[in-house]
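# Commentary on secondary and tertiary structure
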Amino acid sequence: EEAASAFIEAGTRLAAQNNHEAALTSFSRALEIVPNDSQALNGLVKTQITLGFSEDAAKTLENILLEQPDKKEIYYLLADCYLDMNNPSEAERVITQLLY
């Protein structure tokens, strides 16, 4: 877990310096160590959105929700992805799922 935390911290710092490709790698490494870590996943998705990979992020999040439908933070991240893809109807669908 210490290694995952270090990768998350590195990813956060790299993203703040607009080094998004390296940040993406750091967040991915953290998730290899601790799958579905909330901080790492949040950083990964935000970085993917910044880099224009919203569709990839959405696919990843949809797969996580299939396995863990009770993780509310995933719904919010997924809605952000759909909004970034200019797909408000899918974002609305995701938020509606969150309410039920």
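Predicted model only: the values in this text are computed from it and were never measured. (Residues numbered from 1 in each chain as written. Predicted model: local features only at pLDDT ≥ 70, side-chain atom pairs only at ≥ 80, totals over all residues. Heavy atoms only, no water.)

## Here we look at the nonpolar core
- Within the largest apolar cluster, 28 residues are counted, with the highest numbers of intra-cluster contacts made by Leu41, Val45, Leu61, Leu78 and Cys81.
- Listed by contribution, the elements that provide at least two residues to this core are α1 (2–16), α2 (20–33), α3 (38–51), α4 (54–67), α5 (72–84) and α6 (88–99).
- Per-element tally for this core: the top contributor is α5, with seven residues.
- Contact partners of Cys81, with chain neighbours within four places excluded, come to Val45, Ile49, Ser54, Ala57, Ala58 and Leu61. (Core = buried A, V, L, I, M, F, W, Y, C linked by side-chain atoms within 4.5 Å. Buried < 20%, exposed > 50% of the residue type's maximum accessible area, 1.4 Å probe, protein only. Helix = DSSP H or I, 4+ residues; strand = E, 2+ residues; numbered from the N terminus. Contact = heavy atoms within 4.5 Å.)

## Brief notes about α4
- Here α4 contains 14 residues, and its C-alpha end-to-end distance of 20 Å stays within 8% of the 20 Å for a straight helix at 1.5 Å per residue.
- Among all positions in α4, only Ser54, Ala57, Ala58, Leu61, Ile64 and Leu65 are buried. In a view along the axis of α4, the buried residues occupy a sector of 125°, so they form one face of it. Residues Glu55, Lys59, Leu66 and Glu67 are exposed on α4 and point more than 90 degrees away from its buried face.
- On its buried face, α4 is in contact with α3 and α5. (Expected span 1.5 Å × (residues − 1). Arc of directions from axis to C-beta.)

## With respect to unusual backbone geometry
- Even without being a glycine, Asn18 presents a positive backbone phi close to 60°.
- Within the secondary structure, Asn18 is located in the loop between α1 and α2.
- In this structure Asn18 comes out as exposed when scored by relative accessible area, which is 59%.
- The backbone of Asn36 shows a phi angle near 65°, a positive value even though the residue is not glycine.
- With respect to the element layout, Asn36 can be found in the loop between α2 and α3.

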